Amino acid sequence: MQRIGVFVCHCGSNIAATVDVKKVVELIKLEPGVVHAEDYQYMCSEAGQEKIAVAIREKGLTGIVVCSCSPRMHEATFRKAAEKAGINPYMVEIANIREQCSWIHKDMEEATKKAVILARAAVAKVNLNAPLKPGESLVTKRALVIGGGIAGIQTALDIADAGYEVDIVEKTPSIGGRMSQLDKTFPTLDCSACILTPKMVDAAAHEKINIYTYSEVEKVSGFVGDFTVDIRKKARYVDMDKCTGCGVCQEKCPSKKAPSEFNRGLNKRSAIYTPFAQAIPNVPVIDADYCVKLKTGKCGLCEKVCQAGAIDYTQKDEIITQKYGAIVVATGFDVIKLDKYDEYAYSQSKDVITSLELERIMNAAGPTKGHLERLSDGKAPKNIVFIQCVGSRCSDNRGKSYCSKICCMYTAKHAMLIRDKYPDVNVTVFYIDVRTPGKNFDEFYRRAVEEYGVNYIKGQVGKVLPQPDGQLLVQGVDLIDNKQIKMEADMVVLAAAIEPESSVRKIATMLTASIDTNNFLTEAHPKLRPVESPTAGVFLSGVCQGPKDIPETVAQAGAAAVKVVGLLAKDKLLTNPCTAKPDELLCNGCSTCANVCPYGAISYEDKLINDHGIRETRRVASVNSALCQGCGACTVACPSGCMDLQGFSNRQIIAEVDAICR
Amino acid sequence: MKYSYYSGCTLRTKAKSLDVYARASAKALGFELEEIENWQCCGGVYPLGSDEIATKLSSVRALNEAKQKGQELVTMCSACHHVIKRVNDDMKNVDDIRTRANNYMQLDEPYAGETTVLHFLEVLRDRVGFDKIKEKVVNPLTGKKIGAYYGCLLLRPSNIMAFDNAENPTIMEDFIRALGAEPVIYPYRNECCGGHISLKEKERAASMCNEIVKSASGFGADMLITACPLCMYNLNKNSAGDLPVYYITELLAEALGVKEEVAK
């Protein structure tokens, strides 16, 4: 029999206001094995931990139950305290009487009853606990960053500057990401390329950074400190070592009908291309869907004009396998498709564009060389209407329920830039709310209104109606004046919601990193661990975790890098000892457990078994405890009940259930 | 193929042609519209009051009749379609309305939204297929530039009507193409004509109609087509222009070569 001490925490008033903690102490003392019970205001505080240590010493405790908050919060704290006082940390159990009791109940009597039951279950479990010892695993001192936008670049630079090797995997032909598509950045209006391209160059030149562009992560296995990743380097059809980046191939390429991804499809590019002039690496790729040579075998012009002999039509995809200690997801975002918002006539008129398209139009390297003109007829617009929250803050299932966060600021930026460069153009912005928290942000918006005379109207647009003469009629409502508005425009700009880049689902699945209903990656704790995924060794950087602007992205990128460096600085990691363990005498070798294991941790071996004097060779399950994550799927699937999760054995769980049902 | 058919009151009086051309076209296309017995007026307006039951009962009767025969229920008039489809949705998904309506109805087996309600255009698109119609056209309406006028009742609320993309519908344009004519796309095709206020606020209804007609002619339409008797009335009486308005079924009958037959 264990000698168990129970410690009931008030958590200030968080628990004590709803649960009668004195009564819990009184009743839990009656449980078999309990030799000590007490309550305290903050059990997690130093004084609280000291109480546990004292009781261990004075009462000779062998097991501890702490009735407090969720084990996700303080299990590690109490285990450490117990270990310091001389007992095995896995002899500590938490009864969660806060999140699962006091916070969700109102009635004190009911809540107290439930708290006692939860404590009883934990006591029943501790009675069957056995000391466990964590193993050790080595840390591979190399990090992988998935995504080469500003988030990925910054994270990689910070990790590399700390002295560790980093690989960036970017699926497009160049690093740079969304930020490279922007013309100017708020609130300072400095040119996006001018602040981004130096960082791109730094990343490319850094001796610790290795960049795989036009590449995608294909497979991930392993665990924190020891991931093994397959990277598919897509066939570029251009030898990266030989190419000098002269650009002649792109000029001579006869196939110039491919929509330019970089310019959001607003103009065309050649089949052999670099996405933009400052691309890194400055090595083109051949788009196999448009290349005449690859499609029909005829042409080969680029090969003929290439002085360096870099063109290679026979290149194949290549798989690179590499080991990493940590992985950072920095996959970024895209704007939503607008097919559910046909009332804004985006699909019906060329002069209805998204803000990202406007960004390209305003850019000197864009499809109109930076001249503000209508895409339908090339005329200069005189009246421009901006519509905010297209697909953001949406209450029906057409769009996103969240605020995309960046649109108020970039719309103010666009409005201001247009009024500055073309003072005779009227600019109107329809908005639900203008949200500009952030350093110098509200001042920026006010400048748009007060100094640049941008006409802000609180209200939404119901419909954009293309007119026979090519004009657009905007039908909306002014909520402050309480009147309907009909307004002629030559151009309408939609602030389309942003959403995580489409490939993030696939990547999250490979990493077993959790994502929310909007495909944003979930952080380990929304407040206290915002740059870590709940999956150990996986970190989050940039918009893949939630909408954010450039300064916030850069800040988060640095934070993720610090977490990675903290991990890579260790030589060894302690592994979780709560892994699956088969009872070889009961195992019938059916393979059910191996089939359900998501981590590939279970294999089979032929082993000599001594079954009560009968010696024979049997095929039995064997668990690689370094790979096992302790999910417990195998213990449920095993038909003969031979598989047990250490620390959560079938006997322990049944004892808990019995204690609850008693 | 046989469908239960709910013609509705207006198709017996003012909008007779909408009905007779539909029946003749159906025959030519190889399906039959079997009028349900003892149908009653749908009321014309879907009652928004959540405690309103009596005005929904005629729809429930029609729906149940089709269920008894094991047939899909086809409607023609936009207003009837709107009311019956929404009542069907209530019977399927709103417990309170279903219980109370069934308490009134005292059917052998309670009705719970089992019947599928189809608008005539949906039959053409989803059951017959516009490709098939194209094959059966004997008098293609080549050279005609036709503006489809959807109105509001067929499209909204879009989650319940599930008729087409409410903001950028295509079913009537595809129908026009199947008949060999050229559809004219104009932005007012899914705006309300003001039919519900055409007596009370004539001027406002007139301005709404004029916007529609002006926009359609501006984009080059020679005529409008509609499936709604109320829109037809309103566009004819309350708009200033002289753009002719036809029922969808009249053009269909003409293209299929059965219009003369009906006239006899």
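Quick notes on the rules
Along each chain, residue indices are assigned from 1 in the same order as the chain's sequence is written. As a convention, the first chain written is A and the first ligand written is 1, with the rest following in written order. Whole-chain, interface and lining totals are the exception, using all residues; otherwise, since this is a predicted model, local features are given only for residues with pLDDT of at least 70 and side-chain atom pairs are given and counted only at 80 or more. Under the DSSP-based scheme used, a helix requires at least four consecutive residues in state H or I and a strand at least two consecutive residues in state E, with every element numbered from the N terminus. Counting other C-beta atoms within 10 Å of a residue's C-beta gives its exposure: the residue is buried at 20 or more, exposed at 12 or fewer, and partly exposed in between, where C-beta atoms are placed from the backbone. Each residue gets a C-beta atom placed from its backbone, and two residues are in contact if those atoms lie within 7 Å. It is over C-alpha atoms that the radius of gyration is taken, and the globule rule equals 2.2 Å times the number of residues to the power 0.38. For two strands to pair, DSSP has to find at least two bridges joining them. Angular values range over 0 to 180 degrees, each being the angle between N-to-C directions of two axes fitted as lines to C-alpha atoms, with helices fitted over their stretch in contact. Remark: nonpolar core denotes a set of buried Ala, Val, Leu, Ile, Met, Phe, Trp, Tyr and Cys residues whose joining runs through C-beta atoms within 7 Å. Domain delimitation follows an automatic or database domain assignment. Ten residues, namely Ala, Val, Leu, Ile, Met, Phe, Trp, Tyr, Cys and Pro, are considered nonpolar, four, namely Asp, Glu, Lys and Arg, are considered charged, and the remaining ones, Gly among them, are considered polar. For any pair of crossing helices, the crossing counts as left-handed if the nearer helix is rotated counterclockwise from the farther one by less than a right angle, and right-handed if it is rotated clockwise. Multiplying 1.5 Å by the residue count of a helix minus one yields the expected span of that helix. This arc is taken over the directions from the axis of the helix to the C-beta atoms. Crossover handedness is defined by viewing with both strands directed away from the observer: a clockwise path from the first strand over the helix to the second marks the crossover as right-handed.

Engineer: Teacher, can you tell me more about the overall build of chain A here?
Structural biologist: Scanning chain A from terminus to terminus reveals 18 helices and 34 strands. In terms of its C-alpha atoms, chain A occupies a principal-axis envelope of roughly 90 × 65 × 40 Å. Across the 662 residues in chain A, those meeting the buried criterion constitute 44%. For chain A, the share of sequence-separated contacts (at least 6 apart) that also reach a separation of at least 24 residues comes to 70%.

Engineer: Help me understand the overall build of chain B in this model?
Structural biologist: When its secondary structure is counted, chain B shows 12 helices and 8 strands. Relative to the globule expectation of 18 Å for 264 residues, the C-alpha radius of gyration of chain B, 18 Å, shows essentially globular dimensions. The principal-axis extents of the C-alpha atoms in chain B amount to approximately 55 × 45 × 35 Å. Considering chain B as a whole, with its 264 residues, one finds that 46% of them fall into the buried category.

Engineer: Just to check I follow, could you spell out the sheet that holds strand β4 (residues 92-96) of chain A for this structure?
Structural biologist: Two orientations exist for strands paired in a sheet by backbone hydrogen bonds: parallel and antiparallel. All names here are of chain A. Reading across from one edge, β2-β1-β3-β4 is the order of the 4 strands in this open sheet, with parallel pairing throughout. Looking along the sheet, the strands with just one partner apiece sit at the ends: β2 (34-40) and β4. Within the sheet, the average angular offset between the axes of one strand and its neighbour, ignoring direction, is 15°. Across 5 bridges, the pairing between strand β1 (residues 4-9) and strand β3 (residues 63-68) is parallel.

Engineer: Please explain the nonpolar core as it appears in this structure.
Structural biologist: Soluble, globular proteins show a tendency: their nonpolar side chains are buried together. All names here are of chain A. Counting residues in hydrophobic clusters, the biggest one holds 192 residues, and the most contacted among them are Ala143, Val328, Val329 and Val492. Element by element, the count of residues in this core is highest for helix α12 (residues 407-421), at 9 residues. Those residues in contact with valine 328, other than ones at most four positions away along the chain, are Ala143, Val145, Ile146, Thr155, Phe539, Ser541, Ala560 and Val564. In terms of nonpolar packing, the next biggest core, distinct from the first, is built from 44 residues, Val8, Ile15, Ala115 and Leu118 among them.

Engineer: Mind showing me how you'd approach the domain arrangement of chain B here?
Structural biologist: Quoted interface sizes are often the accessible area lost when the parts come together. All names here are of chain B. According to the domain assignment, chain B contains domain 1 (2-120) and domain 2 (132-263). Distance from the C-alpha centre of domain 1 to the C-alpha centre of domain 2: 23 Å. Each side of the interface is counted separately: domain 1 has 22 residues, and domain 2 has 23 residues. For the side of domain 1 that touches domain 2, the secondary structure elements donating two or more residues are α1 (16-29) and α3 (78-93). The leading source of residues in the side of domain 1 that touches domain 2 is α1, at 9 residues.

Engineer: Can you help me understand unusual backbone geometry in this one?
Structural biologist: It is generally the case that most residues other than glycine have a negative phi and that most peptide bonds are trans. For the peptide bond that leads from phenylalanine 186 of chain A to proline 187 of chain A, omega is -5°, which places it in the cis range. Tracing the sequence through the fold places proline 187 of chain A in the loop between β8 (184-185) and β9 (190-191). Residue arginine 156 of chain B is joined to proline 157 of chain B through a cis peptide bond whose omega torsion reads -5°. Mapped onto the elements of the fold, proline 157 of chain B is located in the loop between β5 (145-148) and α7 (158-161). Although it is not a glycine, cysteine 389 of chain A sits at a positive phi angle of roughly 55°. Its location among the elements puts cysteine 389 of chain A in strand β21 (residues 383-390). Accessibility expressed as a C-beta count within 10 Å gives 24 for cysteine 389 of chain A, which makes it buried.

Engineer: Explanation requested: the environment of glutamate 109 of chain A in the structure shown.
Structural biologist: Residue and element names in this part refer to chain A. By the element assignment, glutamate 109 lies in helix α5 (residues 108-126). The class of glutamate 109 is exposed, set by 10 C-beta atoms lying within 10 Å. Each C-alpha atom, one on glutamate 109 and one on aspartate 20, is 7.8 Å from the other, the two residues being 89 residues apart in sequence.

Engineer: Just checking my understanding: could you explain the pairing of strand β33 (residues 614-623) of chain A for this structure?
Structural biologist: The side chains of a regular strand alternate, first on one face of the sheet and then on the other. Residues and elements named next belong to chain A. As judged from the 10 bridges shared by strand β32 (residues 602-611) and β33, these two strands associate in the antiparallel manner. Across the sheet, residue isoleucine 602 finds its bridge partner in β33, namely valine 623. Here β32 folds back onto β33 in antiparallel fashion, the turn holding 2 residues, of which histidine 612 has a positive phi close to 50°.

Engineer: Help me understand the sheet that holds strand β8 (residues 245-247) of chain B in this model?
Structural biologist: Residue and element names in this part refer to chain B. What the 4 strands build is an open sheet, ordered β6-β5-β7-β8; its pairing is parallel. Of all the strands in the sheet, the pair left with one neighbour each is β6 (182-184) and β8. Within the sheet, the average angular offset between the axes of one strand and its neighbour, ignoring direction, is 40°. Of the pairings in the sheet, the one linking β5 to strand β7 (residues 223-226) comprises 3 bridges and is parallel in character.

Engineer: Sorry, what's going on with the interface of chain B and chain A here?
Structural biologist: Residue-level contacts link 7 residues of chain B with 8 residues of chain A. Taken together, the residues of the side of chain B that touches chain A break down into 3 nonpolar, 3 polar and 1 charged.

Engineer: What is the right way to look at the environment of alanine 412 of chain A in this model?
Structural biologist: All names here are of chain A. Following the sequence through the fold, alanine 412 ends up in helix α12. Sequence separation between alanine 412 and alanine 626 is 214 residues; the distance between their C-alpha atoms is 53 Å. Those residues in contact with alanine 412 that sit more than four places away from it in its chain are Phe444, Tyr445 and Ala448.

Engineer: When you look at the packing of α12 of chain A against helix α13 (residues 441-450) of chain A in this model, what are you seeing that I'm missing?
Structural biologist: For any two helices packed against each other, one specifies the inter-axial angle together with the distance between the axes. Residue and element names in this part refer to chain A. Between α12 and α13, the shortest axis-to-axis distance is 9 Å and the interhelical angle comes to 35°. Between α12 and α13 lies a crossing of left-handed hand. From α12, Cys408, Met409, Ala412, Ala415 and Met416 reach across to α13, where they touch Phe441, Phe444, Tyr445, Arg447 and Ala448. When grouped by side-chain class, the residues that make up the contact of α12 with α13 number 9 nonpolar, no polar and 1 charged.

Engineer: I keep staring at α5 of chain A and nothing clicks. Help me out?
Structural biologist: At 3.6 residues per turn, the α-helix brings residues three or four places apart onto the same side. The first and last C-alpha atoms of α5 of chain A sit 27 Å apart over 19 residues, in line with the 27 Å expected at 1.5 Å per residue. Most of α5 of chain A sits inside the fold, with 14 of its 19 residues counted as buried.

Engineer: Looking at this structure, how should I read the environment of aspartate 161 of chain A?
Structural biologist: Following the sequence through the fold, aspartate 161 of chain A ends up in helix α6 (residues 150-161). Taking the C-alpha atoms as reference points, aspartate 161 of chain A and lysine 293 of chain A, 132 residues apart in sequence, are found 43 Å from one another.

Engineer: Quick question: what am I supposed to make of the domain arrangement of chain A here?
Structural biologist: Residues and elements named next belong to chain A. Per the domain assignment, the segments of chain A are domain 1 (4-126), domain 2 (142-234 + 317-332 + 501-568), domain 3 (248-305), domain 4 (336-499) and domain 5 (580-646). The distance between the C-alpha centroids of domain 2 and domain 4 comes to 31 Å. The residue inventory of the side of domain 2 that touches domain 4, partitioned by class, reads 5 nonpolar, 3 polar and 4 charged.

Engineer: Help me out: how do you make sense of helix α8 (residues 171-178) of chain B in this one?
Structural biologist: Residues and elements named next belong to chain B. When α8 is considered as a whole, its buried residues turn out to be Ile171, Met172, Phe175, Ile176 and Ala178. Projected onto a plane normal to the axis of α8, the buried residues spread over an arc of 160° and lie on a single side. In this structure, the buried residues of α8 make contact with α5 (120-128), α6 (130-136), β5, β6, β7 and α11 (248-256). At the exit of α8 stands glycine 180, carrying a positive phi of roughly 95°.

Engineer: Honestly, the pairing of β1 of chain A in this entry has me stumped. Any pointers?
Structural biologist: All names here are of chain A. Counting buried residues in β1 gives 6 out of 6 residues, a clear majority hidden from the surface. Burial along β1 is two-sided: the residues Ile4, Val6 and Val8 and Gly5, Phe7 and Cys9 are all buried. Bridge count for β1 against β2 is 6 bridges, and the pairing is parallel. Following the sheet pairing, valine 6 is matched in β2 by alanine 37. The parallel pair β1 and β2 is bridged by helix α1 (residues 21-28), and the resulting crossover is right-handed.

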